[in-house]
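Residues per chain are reported as follows:
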Amino acid sequence: MSLQWHEFASKEQLDAQLAVTLANDLNAAIAARGKAGIAVSGGRTPAGMFKALGEQAIDWSKVVITLVDERWVPVDHADSNERTVRQNLLVGPAAAATFISPVSSAATPHEGAAEIEARLAALPAPIDVLILGMGDDGHTASLFPNAEELEAACASTALVAAVTPPAAPHKRITLTLPTIAKARHVVVHITGDGKKSLLETAMTEQKTAVEQYPIRRVLDQVAGPKDVFWAA
Ligand SMILES: O=C(O)[C@H](O)[C@@H](O)[C@H](O)[C@H](O)COP(=O)(O)O
């Protein structure tokens with residue numbers, strides 16, 4: 001399926017519409033299978049959308065939430081993606097959702113990966129809806145260009161992989177490419193002209209784009225519907 005672009009006049013309008021789209025996915029999954037699974041991305045972009053999502057009419061007690069990737073830091077660390085999710089999404093009615101934390105007290109994600117893998121057995125498979133961010137280098141999740149474990153994380157049959165990004169300050173744990181690609185619906189959530197231009201470049205026909213940009217490598221493997229929600 002081709003990548004469908006949805007452009008919005010403001011981040012606020014994007015957040016409001018994406019929240020409705022995600023709520024529709026979750027409610028459809030609950031109606032069909034009795035529960036729903038969502039994997040959200042970290043970074044700075046999603047905070048406003050998390051607030052809008054938390055206001056949607058969803059039976060949160062039937063929703064299982066996790067992160068697409070995480071920095072291997074304590075959950076009260078300023079760089080923790082879980083901290084962002086707990087402060088912006090898991091408040092109000094959405095606090096009734098089941099959140100699967102992708103970090104443990106292990107010293108490194110390499111040591112902690114097996115425990116996180118076991119925890120994620122509680123996540124509906126395939127994931128019903130998965131939101132991807134994208135970095136300025138074309139990374140998505142924690143699939144970074146030139147990372148020493150990139151190939152392993154793109155080929156692994158496990159749910160998660162530990163990654164040492166070449167330039168980011170923290171070791172990471174990430175859903176593997178096959179796990180991401182199996183999601184029933186994938187949404188790329190990006191803002192700014194630079195990221196729009198980068199994603200358009202990544203999605204060109206040039207074969208080099210696949211090697212250079214993990215976002216392209218991931219989207220090429222996504223079997224289901226894939227959308228981009230973008231605002232300037
Ligand atoms: O832990 C992370 O950083 C993310 O999961 C990462 O993949 C993020 O989505 C992009 O780097 C975009 O981050 P921003 O939204 O902060 O630009």
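Rules used throughout
- Residues numbered from 1 in each chain as written.
- Predicted model: local features only at pLDDT ≥ 70, side-chain atom pairs only at ≥ 80, totals over all residues.
- Heavy atoms only, no water.
- pLDDT = per-residue confidence, 0-100.
- Near = heavy atom within 4 Å.
- Polar contact = N/O pair within 3.5 Å; in protein donor to acceptor, adjacent residues only side chain to side chain.
- Areas by Shrake-Rupley, 256 points an atom, 1.4 Å probe, with all protein chains shown as cover.
- Nonpolar A, V, L, I, M, F, W, Y, C, P; charged D, E, K, R; others polar.
- Core = buried A, V, L, I, M, F, W, Y, C linked by side-chain atoms within 4.5 Å.
- Buried < 20%, exposed > 50% of the residue type's maximum accessible area, 1.4 Å probe, protein only.
- Contact = heavy atoms within 4.5 Å.
- Helix = DSSP H or I, 4+ residues; strand = E, 2+ residues; numbered from the N terminus.
- Salt bridge = Lys/Arg side-chain N within 4 Å of Asp/Glu carboxyl O.

(A) View of the confidence of the model for the protein chain. Predicted confidence across the protein chain gives a mean pLDDT of 97, with 100% of residues reaching 70 or more. As scored by the predictor, the complex reaches a pTM of 0.98 and an ipTM of 0.97.

(B) Region of interest: the site of the ligand. Lining the immediate environment of the ligand, one finds 14 residues, of which R44, T45, D69, R71 and K195 sit closest. A distance of 2.8 Å separates an oxygen atom of the ligand from a polar atom in the side chain of N81. Contact between the ligand and H139: an oxygen atom at 2.9 Å from a side-chain N or O atom of the residue. When the ligand is considered free in solution it has 410 Å² of accessible area, and contact with the protein chains removes 92% of it. Of the residues assigned to the shell around the ligand, the class counts are two nonpolar, seven polar and five charged.

(C) Structural detail: the nonpolar core. In terms of nonpolar packing, the biggest core is built from 45 residues, with L130, L132, I180, L199, I215 and L219 touching the most fellow members. In this structure L199 touches L3, W5, M134, V188, I190, I215, L219 and V228, once residues within four positions along its chain are discounted. Residues L18, L22, V40 and V85 belong to the second largest nonpolar core, which totals 32 residues.

(D) Broad picture of the side chain of N88. You can see N88 is positioned in helix α3 (residues 81–88). Among the polar contacts made by the side chain of N88, one reaches the side chain of K51 at a distance of 2.4 Å. Setting aside anything within four residues of it in sequence, one finds N88 in contact with A47, F50 and K51.

(E) Spatial organisation of the pattern of salt bridges. The final tally for this structure, using the stated rule, is nine salt bridges. K62 is paired through a salt bridge with D59; the nearest N and O atoms lie 3.1 Å apart. Among the salt bridges present, the one from E82 reaches R86, with a minimum N-O distance of 2.8 Å. Pair noted here: E82 and R86 are both in helix α3, with a separation of four residues, about one helical turn. Looking at R86, the relative accessible area reads 41%, which means it is partly exposed. Three or more residues joined by partner-sharing salt bridges are found here, namely R33, D128 and R184.

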